[in-house]
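Here is what each chain is made of, one letter per residue.
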Amino acid sequence: EPEVTQTPSHQVTQMGQEVILRCVPISNHLYFYWYRQILGQKVEFLVSFYNNEISEKSEIFDDQFSVERPDGSNFTLKIRSTKLEDSAMYFCASSAQGRTSGELFFGEGSRLTVL
Amino acid sequence: GQSLEQPSEVTAVEGAIVQINCTYQTSGFYGLSWYQQHDGGAPTFLSYNALDGLEETGRFSSFLSRSDSYGYLLLQELQMKDSASYFCAAYGSSNTGKLIFGQGTTLQVKP
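Here the structure is a predicted model, which means the values were calculated and not measured. (Residues numbered from 1 in each chain as written. Chains lettered and ligands numbered in written order. Predicted model: local features only at pLDDT ≥ 70, side-chain atom pairs only at ≥ 80, totals over all residues. Heavy atoms only, no water.)

Here we look at the interface of chain A and chain B
Here is the rule we go by: Any two residues having at least one pair of non-hydrogen atoms within 4.5 Å are treated as being in contact. Buried area: the accessible area, evaluated with a 1.4 Å probe, that two parts lose upon being put together, summed over both parts. Here, a salt bridge means any side-chain nitrogen of Lys or Arg that lies within 4 Å of a carboxyl oxygen of Asp or Glu. Contacts described as polar in this section are N or O atom pairs within 3.5 Å, which, within protein, must combine one atom able to donate a hydrogen with one able to accept it, while residues neighboring in sequence count only if both atoms come from side chains. For helices the rule is a DSSP run of H or I covering at least 4 residues; for strands it is a run of E covering at least 2, with both sets numbered from the N terminus onward. Under the convention adopted here, Pro, Cys and the residues Ala, Val, Leu, Ile, Met, Phe, Trp and Tyr are nonpolar, Asp, Glu, Lys and Arg are charged, and Gly plus all remaining residues are polar.
With 23 residues of chain A in contact, the opposing surface of chain B contributes 23 residues. When chain A packs against chain B, the two sides together hide about 2,000 Å² of surface, and 55% of this comes from carbon and sulfur. Linking chain A with chain B are one salt bridge. Note that K98 of chain B is salt-bridged to E56 of chain A, the shortest N-O span being 3.0 Å. Linking chain A with chain B are eight residue pairs in polar contact (both at pLDDT 80 or more). At four residues, the largest contribution of residues to the side of chain A that touches chain B is made by strand 4 (residues 31-37) of chain A. Per-class residue counts for the side of chain A that touches chain B are nine nonpolar, nine polar and five charged.

Here we look at the packing of aromatic side chains
Two aromatic rings, taken as a pair, are described by how far apart their centres are and by the angle between their planes. Selection criterion: Ring geometry is summarised as follows: Phe, Tyr and Trp rings, the Trp one being its six-membered ring, pair when their centres sit within 6.5 Å, and such pairs are stacked at plane angles under 30 degrees, edge-to-face over 60 and tilted between the two. A simple rule labels every residue: compare its accessible area, found with a 1.4 Å probe on the protein chains alone, to the largest value its type can have, and call it buried under 20%, exposed over 50%, or partly exposed in between.
Taken as a whole and judged by the stated rule, the model has 19 aromatic pairs over all chains. Centroid distance F87 of chain B to F101 of chain B: 6.1 Å. Interplanar angle 80°. Geometry classified as edge-to-face. With F87 of chain B in strand 9 (residues 84-91) and F101 of chain B in strand 10 (residues 99-101), the pair connects residues that are 14 residues apart, well separated along the chain. Considered together, F87 of chain B and F101 of chain B belong to a single accessibility category, that of buried residues. Aromatic rings pair up to connect Y33, Y35, F45, F91 and F106 of chain A together with Y35, F45, F87 and F101 of chain B into one cluster.

What about the sheet that holds strand 7 (residues 65-68) of chain A?
Residues and elements named next belong to chain A. For the record, the criterion: When DSSP finds at least two bridges between two strands, those strands are taken to pair. Orientation is described by lines fitted to C-alpha atoms, with helices fitted over the stretch in contact, and by angles between N-to-C directions that extend from 0 to 180 degrees.
With antiparallel pairing, the four strands of this open sheet are ordered in space as 1-3-8-7. Lying at the two open borders of the sheet, with one neighbouring strand each, are strand 1 (5-7) and strand 7. Adjacent strand axes in the sheet meet at a mean angle of 20° when their direction is disregarded. Note that strand 7 and strand 8 (residues 75-79) share four bridges and pair antiparallel. Residue pairing across strands places S66 opposite K78, the latter belonging to strand 8.

This is how it looks when you write it as structure tokens:
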């Protein structure tokens, strides 16, 4: 069964360092997303990506964040200068039809710990 | 703004039926999805309502009433493995497929 894969599963970094989280969405999907979840809280939307560009971003997704789809398979989230409050689980998700199908496929997440 | 309200915790016994309610306030509401999450792992899609009424998928059903800005997830024949967090999530007017999640309901199933 096709699945969304994410690496690394856990990353520990020092405040101020750059972090890149990687995702391989399901191959025939067209819509890609990053969400994050601070421990014990709700899942929060960060950014959506369609047709090789950002289609929407949240207030959380400020200038320190960026996304790329450098080739036909990978989808990355970069945090330029990490802060303590960036510590969270970051989920990548993909969808074949966006809100038409109502179904997002999530990866297992990358847990980011900023010290 | 956009917000979804759901109970923080629900407890039920194995074999029982439980209903998790969700009320929402979103601009340009399009549809309501439900996701299950075990121990902070990947949220897993359960059900989706774009139209009013009941959608049934095995032991899980979901209901939507647009006029009441309300939906619920119904879990039947509860099993211990159903102990998890359940999130309602809404699509708004944006066609990017952005989902806004509720705070989640922790379901504890007891023997």
